[in-house]
Amino acid sequence: MALTTRDVCSLHYYPNNNLSKIELQEKEGQILKFGCNGKKKLRVISASGSNNSKSIDTINGKKINGVHVEEYPHLGQRGNVVIDKSTELGSSSSNHSYLVGNFVDDRFVYRQSFVIRSYEIGPDKTATMETIMNLLQETALNHVANSGVGSNGFGATREMSLRKLIWVVTRIHIQVEQYSSWGDVVEIDTWVDAAGKNGMRRDWIIRDSNTHNIITKATSTWVIMNRETRRLSKIPEQVKAEVQPFYINRFAIPTAQIDSEKIEKLNDETAQIISSSLAPRWSDMDANQHVNNVKYIGWILESVPRNVLEDCDLMSLTLEYRRECRLSNVLQSMTTLREIETATSDENGGIRGTECTHLIRMEADRAEVVRARSIWQPKQ
């Protein structure tokens, strides 16, 4: 059952501290009623006006993006959204069921599915690298929220919040085999392990929901920072006790295939392209009061030649985060390019691609913010 603006006759909202009633009415009859009590329970009370007998609960047996989606053959996997029945918000018994993820492999791995939205694709009609990074981040946060150790902090555990600590990423490496298109459904697995004495490693794999093929792999390293002093901190024993039960010695990307080489530091002489006066916006800030780590990808691409952006696919990206960026900072994006052999071919012996080295730095004092390396391959 799809609702359009012409179907809705009136919308009544009673502004109290506790939402008491919302009604949607159709010209010839009531469609939906929602009630909410002091326990923040949201429930579909009644529905009418639908003649569609097909189940619209899931796609391939999975809930998508926290809501239910109906599959329409002529639209691939796109469809209309309805509200999940009997969803309890803030209930401990539901364990954040509205996030629609689940644990697998004896609760070591957290799994969540997403549909690629129209606003998450780029000019070539496929998901952007920023979209992929956002979905990885969303799955990681939901992993913590559903694990039972999460607090009100942004991905922090209870013991971390008590000590005013937050997680910050220092390095992330992503390998893309195939980009999803608008309406495709992807399934993301994530898990964690120790990274030395005072770090945590988080890995992800992304599968195409139809073929179940792995289309993206990623691995990252995280450390703890005091959110007030902005200084790095050792992981307290109390925090280790919270996260260690979730550690699993598993690698999304084999160690030999991880881009672990040092990324060259660019300067005014070695950079071939420099884009200046890049200013963070308010919308670039995250809940930890600094620029969201995904935002740097857009600034990196500012200094990539247009012919590379148009003619090649970004197959690998490695980011090294050196320092925080705040709203008042103005940045420069620097890039240098060289040709490389990116893959082997039975016929030609190799596919020529492009390797880019990047640097995001402060415009005022030239302080490093992010070093990065990207691998581009001609579109097939």
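Everything below is about the structure printed above this text.
No experiment lies behind these values; they were computed from the predicted model shown.

1. Regarding the overall build of the protein chain
Along its length, the protein chain carries 5 helices and 19 strands. Residue burial in the protein chain is summarised as follows: out of 380 residues, 46% are buried. Pairs at least 24 residues apart make up 63% of the contacts formed inside the protein chain by residues separated by at least 6 positions. When the accessible area of the protein chain is evaluated, it comes to approximately 20300 Å², of which 48% is carbon and sulfur surface.

2. What to know about empty space enclosed by the protein
Counting across every chain of the model gives 3 cavities of 30 Å³ or more. By volume, the largest cavity amounts to about 110 Å³. His 143, Val 144, Ser 147, Val 149, Gly 155, Thr 157, Trp 167, Val 192, Met 200, Arg 202, Val 243 and Phe 246 together form the lining of the largest cavity. Elements represented by at least two residues in the lining of the largest cavity include exactly helix 1 (129–147) and strand 12 (200–208). In terms of residue count, the dominant contributor to the lining of the largest cavity is helix 1 (3 residues). The residue makeup of the lining of the largest cavity, split by class, is 7 nonpolar, 4 polar and 1 charged.

3. Looking at the layout of surface pockets
Approximately 620 Å³ is the volume attributed to the largest pocket. When residues of the lining of the largest pocket are traced back to their parent elements, those giving at least two are strand 10 (165–176), strand 16 (312–321), strand 17 (331–343) and strand 19 (368–378).

Criteria and thresholds
Residues numbered from 1 in each chain as written. Predicted model: local features only at pLDDT ≥ 70, side-chain atom pairs only at ≥ 80, totals over all residues. Heavy atoms only, no water. Helix = DSSP H or I, 4+ residues; strand = E, 2+ residues; numbered from the N terminus. Buried < 20%, exposed > 50% of the residue type's maximum accessible area, 1.4 Å probe, protein only. Contact = heavy atoms within 4.5 Å. Areas by Shrake-Rupley, 256 points an atom, 1.4 Å probe, with all protein chains shown as cover. 1 Å grid on protein atoms, 1.4 Å probe; cavity = no way out; pocket = protein on both sides within 12 Å on 5 of 7 lines; lining within 4 Å. Points joined across faces, edges and corners; volume = space filled by probe spheres on them. Nonpolar A, V, L, I, M, F, W, Y, C, P; charged D, E, K, R; others polar.

Any functional reading would require information that these geometric values do not contain.
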